[in-house]
Amino acid sequence: MLRHITKRLFVSIPVLLGVLFIGFMLMQVVPTDPATVLAGPTASAADIEAIRESMGLNEPVIVQFGIYLSRVLQGDLGRSMISNSAVVDELANTVGPTMELMAASLIWAIPLGILFGTLAAVRRGKISDRIIMAASVAGVSMPIFWFGLILIQYVGFKWQLLPFQGRAGPLWTIEGIRHIILPAITLGGVFIGPVARMTRTSLLEVLNSDFVRTARAKGVSERVIVLKHALRNSLIPVVTLIGLQIGFLLGGAVVTETMFAWPGVGRLAVGAIVSADYALSQGAILVLAVSFIAVNIIVDLLYAVLDPRLRTS
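Residue positions are given per chain, counting from 1 as you read along its sequence in written order. Given that the model is predicted, a residue must reach a pLDDT of at least 70 before its local features are reported, and side-chain atom pairs must reach 80 or more before they are shown or counted; all residues, however, enter totals for whole chains, interfaces and linings. Heavy atoms from the whole structure form the basis of all side-chain values; hydrogens and water molecules are not counted.

Peer 1: So what about the overall build of the protein chain? Which residues, and what values?
Peer 2: Strands here mean DSSP runs of E at least two residues long; helices mean DSSP runs of H or I at least four residues long; both are numbered from the N terminus. For the protein chain, the helix and strand inventory stands at 13 helices and zero strands. Seen in sequence order, the protein chain has helices and strands lined up from the N terminus as α-α-α-α-α-α-α-α-α-α-α-α-α. Principal axes of the C-alpha set define a box for the protein chain whose edges measure 85 × 55 × 35 Å. Among the 313 residues that make up the protein chain, the fraction classed as buried is 44%. Within the protein chain, residue pairs in contact and separated by at least 24 positions form 74% of the contacts whose partners lie at least 6 positions apart. Only the protein chains shown count as cover for residues, with accessible areas throughout obtained via the Shrake-Rupley method and a probe of 1.4 Å. Approximately 16,700 Å² of the protein chain is accessible, and the part contributed by carbon and sulfur atoms is 68%. A gap of 21 Å separates the mean positions of the 24 positive and 18 negative side-chain charges of the protein chain. For each residue, the accessible area found with a 1.4 Å probe, counting protein chains only, is set against the maximum for its type, and the residue is called buried under 20%, exposed over 50%, and partly exposed in between. The contact criterion used throughout is that any non-hydrogen atoms of two residues lie within 4.5 Å. By the counting scheme adopted, Arg and Lys are positive, Glu and Asp are negative, and His together with the chain ends is not counted. Where a charge lies is defined by one atom per residue type, namely NZ (Lys), CZ (Arg), CG (Asp) and CD (Glu).

Peer 1: Would you mind going over a nonpolar patch on the surface in detail, with residue names and values included?
Peer 2: Residues F145, W146, L149, I150, Y154, W159, L161 and V255 make up a contiguous nonpolar surface patch of about 790 Å² in total accessible area. By residue number, the principal contributor to the nonpolar patch is helix α7 (residues 144-158), which donates five residues. Tracing the chain through its elements places V255 in helix α11 (residues 235-259). Patches were defined on residues exceeding 30% relative accessible area and lacking a salt bridge, with like-charge contacts within 9 Å and nonpolar side-chain contacts (Val, Leu, Ile, Met, Phe, Trp, Tyr) within 5 Å. Any Lys or Arg side-chain nitrogen located within 4 Å of an Asp or Glu carboxyl oxygen qualifies as a salt bridge.

Peer 1: Residues and numbers for empty space enclosed by the protein, please.
Peer 2: Here a cavity denotes grid points, spaced 1 Å and computed from the protein atoms alone, that fit a 1.4 Å probe unable to get out, and a pocket denotes an open set having protein on both sides within 12 Å along at least 5 of 7 lines; residues with an atom within 4 Å of a point are the lining. Grid points are joined across faces, edges and corners, and a volume is the space filled by probe spheres set on the points. A full pass over the atoms with the stated rule returns one cavity of 30 Å³ or more. In this structure, the largest cavity encloses a volume near 30 Å³. As for the largest cavity, its lining consists of V95, T98, M99, L250, V265, V287, L288 and S291. Among the secondary structure elements, those contributing two or more residues to the lining of the largest cavity are α5 (87-122) and α13 (278-306). Its residues assigned to classes, the lining of the largest cavity comprises six nonpolar, two polar and no charged. Three classes are used: nonpolar for Ala, Val, Leu, Ile, Met, Phe, Trp, Tyr, Cys and Pro, charged for Asp, Glu, Lys and Arg, and polar for all others, with Gly counted as polar.

Peer 1: Account for the layout of surface pockets, naming residues and giving values.
Peer 2: One number sums up the size of the largest pocket: a volume of about 520 Å³. Per-element tally for the lining of the largest pocket: the top contributor is helix α4 (residues 61-73), with four residues. Taken together, the residues of the lining of the largest pocket break down into 10 nonpolar, seven polar and three charged.

Peer 1: Can you break down the side chain of Q245 residue by residue, with the values?
Peer 2: Inspection of the secondary structure puts Q245 in helix α11. Apart from residues no more than four positions distant in its own chain, Q245 is found in contact with F191 and P194.

Peer 1: Break down unusual backbone geometry for me, with residues and values.
Peer 2: Non-glycine residue N84 carries a positive phi angle of around 60 degrees. Within the secondary structure layout, N84 lies in the loop between α4 and α5. By relative accessible area, N84 is classed as exposed at 53%. Of note in this structure, Q160 is not a glycine but carries a positive phi near 55 degrees.

Peer 1: Would you mind going over the packing of aromatic side chains in detail, with residue names and values included?
Peer 2: Any two of the Phe, Tyr and Trp rings considered here, Trp counted by its six-membered ring, make a pair once their centres fall within 6.5 Å; the pair's planes then place it as stacked at under 30 degrees, edge-to-face at over 60, or tilted in between. A full pass over the atoms with the stated rule returns four aromatic pairs. Taking 5.1 Å as the distance between ring centres and 85 degrees as the angle between the ring planes, the aromatic pair formed by F21 and F65 counts as edge-to-face. Pair noted here: F21 is in helix α1 (residues 2-28) and F65 is in helix α4, with a separation of 44 residues, a long-range link. Of the residues examined, F21 reaches a relative accessible area of 31% and is grouped as partly exposed. For the ring pair F24 and F65, a centre distance of 5.5 Å and an interplane angle of 65 degrees mean the geometry is edge-to-face.

Take a look at the structure:
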């Protein structure tokens, strides 16, 4: 198992390099010139050219990427052109809120999705199964920004039940919890449908297997069969889906944080791209890419927990 994880780490290195290169190239097509932004509206053409020279923007793109990559390997992500602060410090202030939002979204969405999928599988063909599947399809089809706007309009603005702007503090405070509820519901709401559908499909397959029929013939109760035997064996494809969906949530976090003014990496990345802040944009892309790779490695570890046969592979 250790060999397998080590192999995945080595495979992740070229993936990370590819993501960094693509992100770097995409920033090159942003119409805003960072030297012009940094120089200000009253700067002369000579001043702008001097800034471009000092930033290395006159070098070929491949050379610029090589310089950037060498700095990243040394732990230097550069400085923000807007705030003139270290990118590492900017990211350190935003990673925590993003992790809070992700955790608050998953901590209720994953159990609820598995619960609904299990109920749908156990009551296959009945009205409750049809309602759950219809709601799951609706959840998958629902744009995350539309769901968030509905919550802001009614729960936040019209009924004034919960705040919908900013972060008021850590999650162990009442105000911190109140401020994170709507963003967490928005981000986690689109997660329930896919998990419920995959749980239902996988559990139905396991419930029709030979060992389940043998357990039924021996008189084992249906509740024990589902909860103790069938559900655990059906969770591997569900865990795979969860890992992929967390990658989707990282993208959804960008939208959610922007809508709710949540001070996370996603909102920071949007502001950096709009202002053509190269260093800050690339730093945010790096954090998101590393997070996605880490999630996939954690999913591999969960495979071994759910299926002991994989521990020796």
